[in-house]
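Residues per chain are reported as follows:
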Amino acid sequence: MPGGRLTQQERQQIALGLADGLAYAEIARRLDRPTSTVTREVMRNGGPTAYRADLAHRATERRAHRRRKVASRDHNTPPQAHGRDAEAVREYEETFTTVFMQSGLPKMTARVLASLFTTDAGSLTASELAGHLQVSPASVSKAITFLESQGLIRRERDERRRERYVVDDDVMYQSTMASARSTAHLGEIARQGVSILGAGTPAATRLENIARFIDFVSESIARAADQAREILHTSSAAASDDTT
């Protein structure tokens, strides 16, 4: 099985395979590559609907050039914690960022969130984020404001009174509940249209069906989030007691 970086010809074959509706596994089989290689390549470069072979190839070249510059500048950087492969961690952050972008997050916001999710502490300061991502503090601040508005992070101050941005289990719970409330609100608006459009009319019936569907989904999400929080927190507490 061949190794190394994907060639431009292989990327063109990936693009053709996606256009034909082939699964990642089938594309990988035709290239004699691991499925994970094809999946990572596509997700990192726009996803299955936006993947372009020429753009992906140029992006890869730019990333490689940037990494060489960083490596030459930071050759005395201490090794990653827990013996991690720095290159593998960097690539994983890029993949994570792409997934967040496909869910609708702007690129910088996605980069900030991926950085927070992959740090052991689960929190970083603005200066730490700016240094890690090699961007301006203003860019970080804008991303943080958006993430906080969506309930995806929270702020706290450390012992040095520095503001830190945190992701943890409770943040994910709060974010999920906020999403459920937003979905439920859409259902409320849909139901308001029933009386306006006239009960029994095709349009009103459609809105009522939408509202009923959304009610079920939002209630299910909230109930599942409550159950997951209770189970996971109970499991974590039990594990801590066993360790003690």
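Residues numbered from 1 in each chain as written. Predicted model: local features only at pLDDT ≥ 70, side-chain atom pairs only at ≥ 80, totals over all residues. Heavy atoms only, no water.

1. Notes on the overall build of the chain
Then, number 1: Within the chain one finds 10 helices and three strands.
Then, number 2: Going residue by residue from the N terminus, the α and β elements of the chain occur as α-α-α-α-α-α-β-α-α-β-β-α-α.
Then, number 3: The buried share of the chain, taken over its 244 residues, is 31%.
Then, number 4: For the chain, restricting intrachain contacts to residue pairs at least 6 apart in sequence, the fraction spanning at least 24 positions comes to 52%.
Then, number 5: Looking at the chain as shown, the accessible area adds up to about 15200 Å², and 55% of this sits on carbon and sulfur atoms. (Helix = DSSP H or I, 4+ residues; strand = E, 2+ residues; numbered from the N terminus. Buried < 20%, exposed > 50% of the residue type's maximum accessible area, 1.4 Å probe, protein only. Contact = heavy atoms within 4.5 Å. Areas by Shrake-Rupley, 256 points an atom, 1.4 Å probe, with all protein chains shown as cover.)

2. Remarks on the environment of F213
Then, number 1: For F213, the location among the structural elements is in helix α10 (residues 202-243).
Then, number 2: A relative accessible area of 59% places F213 in the exposed class.
Then, number 3: Residues F213 and A184, spaced 29 residues apart in sequence, show a C-alpha to C-alpha distance of 10.0 Å.

3. Focus: the nonpolar core
Then, number 1: Counting 19 residues, the largest nonpolar core has V112, L113, L116, L129, I144 and I153 as the members making the most contacts within it.
Then, number 2: For this core, the elements supplying multiple residues, two or more each, are α6 (107-117), α7 (126-133) and α8 (137-149).
Then, number 3: It is α6 that contributes the most residues to this core, five residues altogether.
Then, number 4: Leaving out residues up to four positions away in the same chain, L113 has contacts with F100, L105, L147, L152, I153 and V167.
Then, number 5: Judged by nonpolar contacts, the second largest core, of 10 residues, contains L6, L18, V42 and A56. (Core = buried A, V, L, I, M, F, W, Y, C linked by side-chain atoms within 4.5 Å.)

4. Some words on the pairing of strand β3 (residues 163-166)
Then, number 1: Bridge count for strand β1 (residues 123-125) against β3 is three bridges, and the pairing is antiparallel. Bridge assignment links L124 to a residue of β3, and that residue is Y165.
Then, number 2: Of the strand pairs in this sheet, strand β2 (residues 154-157) and β3 are connected by four bridges, and their pairing is antiparallel. Looking at the pairing, R157 lines up with E163 of β3. (Pairing = 2+ DSSP bridges.)

5. A look at helix α1 (residues 8-19)
Then, number 1: Between its terminal C-alpha atoms α1 stretches 17 Å, which fits the 16 Å expected from 12 residues at 1.5 Å a residue.
Then, number 2: Just beyond α1, the residue with positive phi is G21, at close to 80 degrees. (Expected span 1.5 Å × (residues − 1).)

6. Quick notes on the sheet that holds β1
Then, number 1: Spatially, three strands are ordered β1-β3-β2 in an open sheet, and the strand pairing comes out antiparallel. On the outer flanks of this sheet lie β1 and β2, each paired with one strand and no other. Across this sheet, the average inter-strand angle for adjacent strands is 35 degrees, counted without regard to direction. (Axes fitted to C-alpha atoms, helices over the stretch in contact; angles between N-to-C directions.)

7. What about the packing of aromatic side chains?
Then, number 1: For the structure shown, the criterion picks out four aromatic pairs.
Then, number 2: Both rings, one in F96 and one in F117, keep their centres 5.8 Å apart while their planes meet at 70 degrees; by these two values the pair is edge-to-face. In this pair, F96 is assigned in helix α5 (residues 86-102) and F117 in helix α6, connecting sequence segments 21 residues apart.
Then, number 3: Accessibility expressed as a relative area gives 32% for F117, which makes it partly exposed.
Then, number 4: For the pair F100 and F117, a centre-to-centre distance of 5.8 Å together with 55 degrees between the ring planes defines the contact as tilted. In this pair, F100 sits in helix α5 while F117 sits in helix α6, placing the two residues 17 residues apart along the sequence.
Then, number 5: You can call F100 buried: its relative accessible area is 14%.
Then, number 6: The structure contains a cluster of three or more aromatic residues connected by ring pairs, namely Y92, F96, F100 and F117. (Phe/Tyr/Trp six-rings, centres within 6.5 Å; stacked < 30°, edge-to-face > 60°.)

Remember, this is a structural readout, not a statement about activity or role.
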